[in-house]
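The residues making up each chain are set out below.
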Amino acid sequence: MRDGYGTAAWASGHRDRGPTVRIGYGAARLDVPVGSSMGGYIDRVGKSTGTLDPLEVSAITWFDGHRRFALVVADVICVNTDLVAAARAAVPEAGRLWLAATHTHAGPETGCVPGGSATPQPWSAHVVGAVRHAVAASVAAERSAWSAGVSGGLRDVGADRSLPGAEAVVPLDVAAVRDGLGRLTGVLVVLPVHPTVLPAANRRVSADLPGAVRRALRERLGVWVVVATGAAGDISTRHTRRGQDAAELERLGELVADRCVGLLGGADRRATVRETPEDSGGPGSASAPEGACGEGSPGDVDRPTVGCEHGDASRPAPEAGLGRVAWAARECVLPRAAGPGDPAALLADLRAAYEESLAAGDPVAIRMARSRLEGARVATTRAPGSPPSADAPPASGPTADLRPGLGAVPEGGRALSGIAAEVGVARLGGLTLVALPGEPFLAVRELIGEAATPGGERAHETLPASGPATEPAAVAASGSAIVLGYANGYPGYLPTREAYLRGEYEVLAARVAAGSAELLATTARELLEET
């Protein structure tokens, strides 16, 4: 495990170069018309009035000659399982596709209901169309390359939003893609911070913090950049931001970009390749034709994977000289939280506490009381067709030992007593990724821990600890798993078992029972061992 997000590492033998595969990148714009419903804030009034910065759907593909894996990141509030299934059906060239949301709170409403919902039109068709074009562009741009990650602490951007005095340092993962000469051609950033810089009063479309980081890094490095959101369920800019406007977005984006550049420079000071259409020396980049992202049918919706699908030795071996691309997935069925016993009384108590905080005038106490009230409002509004189970364990305490509910889904649909949640892992040459659905707490990332590169022994290496006035040390992470959140479904918040004892906003709004996050972390570790 990391100590302080950067003082220890598992060395795996690929610090300088990972196995070579073919890697590509593509992107498509996701236009949001004026007058669209926006997602993210329960108390937002009114529809979109314009665009502050454009939304994107970005794709990275890895191909070993026989297996192709696609990671797609979309600037939307969430992705439901129906949208994921439609995107997978629309992209047959990918053996496996992950669809993740950046979770921007300034984008279109895509059916973000804790526990999952149907994706409304036109966004189901628009997002699937953008996915199709972005992946096609990425496949066309694939070139021989390798990817490896580096991790380190990021200060003064995100912190535990329920703990005003918490240290403002979170782990930042950066995966660099390099050509055969070691030149940087692209970057994947995984940032475990809620993109909620812009407030509920904002009605201009924006990618929020991920967009600001993309712009700042592209300006610095001159290469393609994809920014995904990590395990950010309890992490936000609430206690670090100095404002909630475009200027503050840019300031925070610059801070993250500075740290990314520092981590990349600390790991390897080789040159950067600035991609042009004529450059074929490394993984290219391509964008979908403008205006091509709003058309198309989502296609047939397949049920998400139940059980475990592997890219392993039973499939054709990679081409000579190429690394291995493999993946596994498992669907768990998470028990539902029982919800408040007396919703009206809970709302009345929290509303009274909010009024008391207003009278006292402490801005931090006001925001915390308001947050709890918002959580209770979410908790007392059940998702359509998803009543609480009579035998669901209480949300206020630990549950019995949970196990994956494999085979628990009846033919033709899911049992109302549980919420389906897919866990995925991918081995991509020298890079390992884990995908978790919904909004996992940051501690879930640490529960998954670090996985050894297949076939190699793990050696513990202690790095110099950084002082309080310096950035946490960089850690080469080629043998570690980089954890993405908000991927392949939306079961809602995934607090740790301990967090259920505190009853903050995320627990009040959660639809899953205590122990669910730990179940998903255990499942991820099992899949890492098997893949």
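Before reading on, note that the structure itself is shown above.
Described in the following lines is the structure provided in the data block.

Attention shifts here to the overall build of the protein chain. Each helix and strand in the protein chain was counted, giving nine helices and 22 strands. By the burial criterion, 60% of the 531 residues in the protein chain qualify as buried. For the protein chain, the computed accessible surface area is about 19,100 Å², with 53% contributed by carbon and sulfur atoms.

Further remarks concern helix H2 (residues 123-140). Within an α-helix, residues lying three or four positions from one another point in the same direction, as the helix has 3.6 residues per turn. Across its 18 residues, H2 extends 26 Å between first and last C-alpha, which sits within 8% of the 26 Å expected from 1.5 Å per residue. Most of H2 sits out of view: 13 of its 18 residues are buried.

A separate point is the sheet that holds strand E21 (residues 481-484). Spatially, E15-E16-E17-E21 is the arrangement adopted by the four strands of the open sheet, whose pairing is mixed. If you trace the sheet from one side to the other, it starts and ends with strand E15 (325-335) and E21, each paired once. Neighbour-to-neighbour, the strand axes of the sheet open up by a mean angle of 15 degrees, direction not taken into account. Note: strand E17 (residues 431-435) against E21, four bridges, orientation parallel. Bridged to Thr432 within E21 is Ala481.

Here we take up the pattern of salt bridges. A pair can form between side chains of opposite charge whenever their charged atoms are brought close. For the structure shown, the criterion picks out 21 salt bridges. Arg29 is the salt-bridge partner of Asp31, the closest N and O atoms lying 2.7 Å from each other. Given the relative accessible area of 40%, Asp31 is considered partly exposed. Arg29 sits in the partly exposed class, given a relative accessible area of 35%. Measuring nitrogen to oxygen at the nearest pair gives 2.6 Å for the salt bridge that ties Glu446 to Arg445. Residues joined by salt bridges that share partners form a network here, namely Glu56, Asp75, Arg214 and Arg218.

Moving on to the environment of Ala175. Along the polypeptide, Ala175 turns up in strand E9 (residues 169-178). We classify Ala175 as buried; its relative accessible area is 2%. The sequence separation of Ala175 and Thr432 amounts to 257 residues, and the corresponding C-alpha distance is 9.8 Å. Ignoring sequence-local partners within four residues, the contact set of Ala175 consists of Ala148, Gly149, Gly186, Val187, Leu188, Leu431 and Ile482.

Let us look at the packing of helix H1 (residues 81-90) against H2. Any two packed helices are characterised by the angle at which their axes cross and by the distance between the axes. Direction vectors running N to C along H1 and H2 enclose 40 degrees, while the axes themselves pass 9 Å from each other. One finds that H1 runs oblique with respect to H2. The two elements H1 and H2 cross, and the hand of that crossing is right-handed. Counting all contacts with H1, which are made through Leu83, Ala86, Ala87 and Ala90, the residues of H2 involved are Trp123, Ser124, Val127, Val128, Val131 and Arg132.

Counted by the stated rule, this structure contains four aromatic pairs. Centre to centre, the rings of Phe69 and Trp98 are 4.9 Å apart; their planes meet at 85 degrees, and the pair counts as edge-to-face. Taken together, the positions of Phe69 in strand E5 (residues 68-74) and Trp98 in strand E6 (residues 96-101) put the pair 29 residues apart, joining distant regions of the chain. There is no split in this pair, since Phe69 and Trp98 are both buried. Considering the side-chain rings of Phe69 and Trp327, the 6.5 Å spacing of their centres and the 35 degrees angle between planes classify their relative orientation as tilted.

Our focus in this paragraph is the nonpolar core. Core analysis: the biggest nonpolar cluster contains 34 residues, and Leu172, Val174, Val187, Leu191, Leu209, Leu217 and Val256 have the highest contact counts within it. Among the elements of the structure, strand E7 (143-155), E9, strand E10 (184-191), helix H3 (208-221), strand E12 (224-229) and helix H4 (246-267) are those that each provide at least two residues to this core. No other element matches the seven residues that H4 contributes to this core.

Summarising the element assignment, Glu248 is placed in helix H4. Polar contacts involving the side chain of Glu248 include one to the side chain of Arg251, which spans 2.8 Å. Discounting chain neighbours no more than four positions away, the residues touching Glu248 are Val197, Thr240, Arg241, Arg242 and Gly243.

The next subject is the environment of Gly40. In this fold, Gly40 is placed in the loop between strand E2 (21-30) and strand E3 (50-51). Residue class for Gly40 comes out partly exposed when judged on its relative accessible area of 33%. Considered as a pair, Gly40 and Ile77 are 37 residues apart in the sequence and their alpha carbons are 6.3 Å apart.

Thresholds applied
Residues numbered from 1 in each chain as written. Predicted model: local features only at pLDDT ≥ 70, side-chain atom pairs only at ≥ 80, totals over all residues. Heavy atoms only, no water. Helix = DSSP H or I, 4+ residues; strand = E, 2+ residues; numbered from the N terminus. Buried < 20%, exposed > 50% of the residue type's maximum accessible area, 1.4 Å probe, protein only. Areas by Shrake-Rupley, 256 points an atom, 1.4 Å probe, with all protein chains shown as cover. Expected span 1.5 Å × (residues − 1). Pairing = 2+ DSSP bridges. Axes fitted to C-alpha atoms, helices over the stretch in contact; angles between N-to-C directions. Salt bridge = Lys/Arg side-chain N within 4 Å of Asp/Glu carboxyl O. Contact = heavy atoms within 4.5 Å. Parallel < 35°, antiparallel > 145°, perpendicular 65-115°, else oblique. Left-handed = near helix turned anticlockwise from the far one by under 90°. Phe/Tyr/Trp six-rings, centres within 6.5 Å; stacked < 30°, edge-to-face > 60°. Core = buried A, V, L, I, M, F, W, Y, C linked by side-chain atoms within 4.5 Å. Polar contact = N/O pair within 3.5 Å; in protein donor to acceptor, adjacent residues only side chain to side chain.

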